Each structure stands twice: as structure tokens, then as C-alpha cells.
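A look at the structure
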Amino acid sequence: MAGQYRDAGSGGSPLMQAMILAAGRGQRMRPLTDQLPKPLLSVRGQPLIVHHLRKLAAAGIKEVVINHAWLGDKIEAYLGDGSQFGLVIRYSPEPSGGLETAGGIIRALPLLGDAPFWVINGDIFTSLDFAELPARLPPGRTAHLLVVANPAHHPEGDFAVRDGLLQQRGAGQQSYTFSGIGLYHPAFFADYEAGESRVLALRPLIEQGIAQQQIAADVITADWTDVGTPERLQQLQEKS
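The structure reproduced in this document is the subject of the present report. (Residues numbered from 1 in each chain as written. Predicted model: local features only at pLDDT ≥ 70, side-chain atom pairs only at ≥ 80, totals over all residues. Heavy atoms only, no water.)

Quick look at the overall build of the chain
In terms of regular secondary structure, the chain is built from six helices and 13 strands. Taking 240 residues into account, the globule formula puts the C-alpha radius of gyration at 18 Å, and the chain, at 17 Å, falls close to it. Based on the C-alpha atoms only, the size of the chain along its principal axes is roughly 45 × 40 × 35 Å. For the chain, the residues scored as buried account for 51% of the 240 residues in total. Considering only intrachain contacts with a sequence separation of at least 6, the fraction spanning at least 24 residues in the chain is 75%. For the chain, the centre of its 20 positive side-chain charges and the centre of its 24 negative side-chain charges are spaced 2 Å apart. (Helix = DSSP H or I, 4+ residues; strand = E, 2+ residues; numbered from the N terminus. Rg over C-alpha atoms; globule rule 2.2 N^0.38 Å. Buried < 20%, exposed > 50% of the residue type's maximum accessible area, 1.4 Å probe, protein only. Contact = heavy atoms within 4.5 Å. Lys, Arg positive; Asp, Glu negative; His and termini not counted. Charge placed at Lys NZ, Arg CZ, Asp CG, Glu CD.)

Here you go:
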């Protein structure tokens, strides 16, 4: 995948920025998340979000934006300015309750510049080497999402993939689950004012992008877990 996309697209400098989504309340993880934001829950000796940060730095990313709402002060206190990871971290605080996934990205757009940027859910765990993520978008596309085989807790999946494009799932099609990892051009959010505070889920924007054939997609086979429940967290710990 890296060889296919690292020199594709509209050219320009290599990708240098990423955003980690860390604003969720983590209701299904309670009581673990009553006093600790979910991205700071420890997996194999370090917080979920630290796994991401170290892999982003190793992949050559220089700047990371992190949004937060629930217990965001603890995220900032733990991660600081990012220098301990070889990164520059900037924060995008959100109102109590957060702004949903797309809303959080839109609010943070002024921090992310004009070039494509990765977005990674703060509550996933994967063995994927982030250096293998696409560094540029294919020509004519405004997003590139990574999908995985459907886990047991989500057997119906989210989308299909055909000819390198994300598709709506349908009868007779192999479905996949969105991994929570994607590369986006700011133009993907062009219908909204950068920096505004709007509660907005990502799914409607993805469906619009599918209809416009704007979203590239790849299936990844690396280990991947949506760390959404205490049971899944425990399963990850047992694999270490």
C-alpha cells in the first residue's frame, strides 16, 4: 500500500500532520473512564494514545492535533507539548459532551493546515505500522479510509470496497468495518466553516463522499481492536 500511494496524488511535501480523536466520554468503558479519559487507559504497558503517538513519530509525522472534551485536562497534563515523543502536540478543546467525530475535525481544521492529514481514533489498538499508511491521496479523491475484516461484535460491517473505492455495503458484497484511520483533504469538509463548533457525525459525510466517488479505500490485515468495552481491553491485555 505504501508503495502504491506514497508518490501518488497531487504531489507536494510528504504528509507531516495527524489528528487523534480523543474527545469521547467512553460510556461503555465505565467505571474505568469515570476518572480517566479512554485514550489514557493502559494497554501493554502504556496508554492507548501513546501507542499512536510513538508510531506516528516513527512514521515521520512532526505535528499532532488532539481534540478532547471529557477530562481533557488530564490528557494535556500527561502528554504535554509532545516533545517527549519527538512531536509537536496542539490541542483542540471541545464543549462538554464533545462535537462528534466530524464536528471535532471541523473545529480543529485551522490547526491542520491546507494539506491532507491523517485522523486516527484514540480508542483503537492496532499492530499496523503507520509508515505503511498512505502519504498522499490518489488523484481526484478527498479521502482515503482504511477498513478491516468485521470483528465479532460488528458482523454486519460498515462499507464495501470495489476497485479501490469505498462503497455502500449491499446484498452479495463483502462488507468491512471502518478502522477509524483515514487520510483526509480539508476539502472533504468544505461544506462547513473551518473552526466552527457543530455537533456532527462522520458517517453522513462519508456517505456523501461515496456518492461522489471521492473516497479511496484499502483493506488492512494487521491486528486491530476497537477498545470499546472492558472485556475487549482485558482481551488485549491477555494477548501481551
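Having put the structure on the table, let's press on.
Quick notes on the packing of aromatic side chains
Tallying each qualifying case throughout the model produces three aromatic pairs. Judged by centre distance (5.1 Å) and plane angle (80°), the rings of Phe188 and Phe189 are edge-to-face. In terms of burial, Phe188 and Phe189 fall into one category: buried. Grouping aromatic residues by their ring pairs yields a cluster made of Tyr184, Phe188 and Phe189. Over the ring of Phe130 we find Lys55; its NZ or CZ atom is 4.5 Å from the centre of that ring. (Phe/Tyr/Trp six-rings, centres within 6.5 Å; stacked < 30°, edge-to-face > 60°. Lys NZ or Arg CZ within 6 Å of the ring centre and 35° of its normal.)

Some details on the pairing of strand β5 (residues 88-93)
By the bridge criterion, six bridges tie strand β4 (residues 63-68) to β5 in an arrangement that is parallel. Paired with Val65 across the bridge in β5 is Arg90. Where the polypeptide runs from β4 across helix α3 (residues 72-79) and back to β5, its parallel neighbour, the crossover connection is right-handed. (Pairing = 2+ DSSP bridges. Right-handed = clockwise from strand over helix to strand, strands pointing away.)

Here we look at the pattern of salt bridges
If you walk through the whole model with that rule in mind, you get seven salt bridges. Across the pair Arg203 and Glu207 runs a salt bridge, and its minimum N-O distance is 3.1 Å. Of the two residues, Arg203 and Glu207 both sit in helix α5 (residues 203-211), four residues apart, roughly one turn of that helix. Here the salt bridges do not stand alone but share partners, grouping Asp158, Arg203 and Glu207 into one network. (Salt bridge = Lys/Arg side-chain N within 4 Å of Asp/Glu carboxyl O.)

Re the environment of Gln234
Within the secondary structure, Gln234 sits in helix α6 (residues 230-239). Assessed through its relative accessible area of 43%, Gln234 is described here as partly exposed. When the C-alpha positions of Gln234 and Val43 are compared, they lie 8.8 Å apart, and in sequence the two are 191 residues distant.

Some details on the side chain of Thr225
Tracing the backbone shows Thr225 in strand β13 (residues 224-226). With sequence-adjacent residues up to four places away left out, Thr225 is seen in contact with Asp123, Ile124, Phe125, Arg232 and Leu236.

Some remarks on α6
Given 3.6 residues per turn, any residue in an α-helix points the same way as the ones three and four places further on. Taken together, the buried positions of α6 are Arg232, Leu233 and Leu236. Buried residues of α6, viewed axially, fall in a sector of 105°; they line one side. Residues of α6 that are exposed and point over 90 degrees away from its buried face: Glu231 and Glu238. Taken together, the buried residues of α6 touch β2 (42-43), β7 (124-126) and β13. (Arc of directions from axis to C-beta.)

Regarding the nonpolar core
Counting residues in each nonpolar core, the largest one holds 30 residues, and the members touching the most others are Ile49, Leu53, Leu56, Val64, Ile66 and Leu79. At the level of elements, β1 (17-21), α2 (48-58), β4, α3, β5, β6 (117-121), β8 (143-148) and β11 (177-184) are the ones that each hand at least two residues to this core. Residue contributions to this core peak at four residues, all from α2. The contacts of Leu56, once residues within four sequence positions are left out, are Ala18, Ile20, Ile61, Val64, Trp118, Ile120 and Phe130. By size, the runner-up hydrophobic cluster in this structure holds 28 residues, among which are Ile106, Leu166, Phe178 and Ala217. (Core = buried A, V, L, I, M, F, W, Y, C linked by side-chain atoms within 4.5 Å.)

Regarding the side chain of Asp226
Topologically, Asp226 is positioned in strand β13. With relative accessibility at 18%, the residue Asp226 sits in the buried group. When neighbours within four sequence positions are excluded, Asp226 is seen to be in contact with Arg28, Asp123, Ile124, His153 and Arg232.

A short note on unusual backbone geometry
Its identity is not glycine, yet Arg44 carries a phi of approximately 55°, on the positive side. With respect to the helices, strands and loops of the structure, Arg44 is situated in the loop between β2 and β3 (46-47). Unlike most non-glycine residues, Asp163 shows phi in positive territory, near 55°. Turning to its location among the elements, Asp163 is positioned in the loop between β9 (159-162) and β10 (165-168). Owing to a relative accessible area of 74%, Asp163 belongs among the exposed residues under this scheme.

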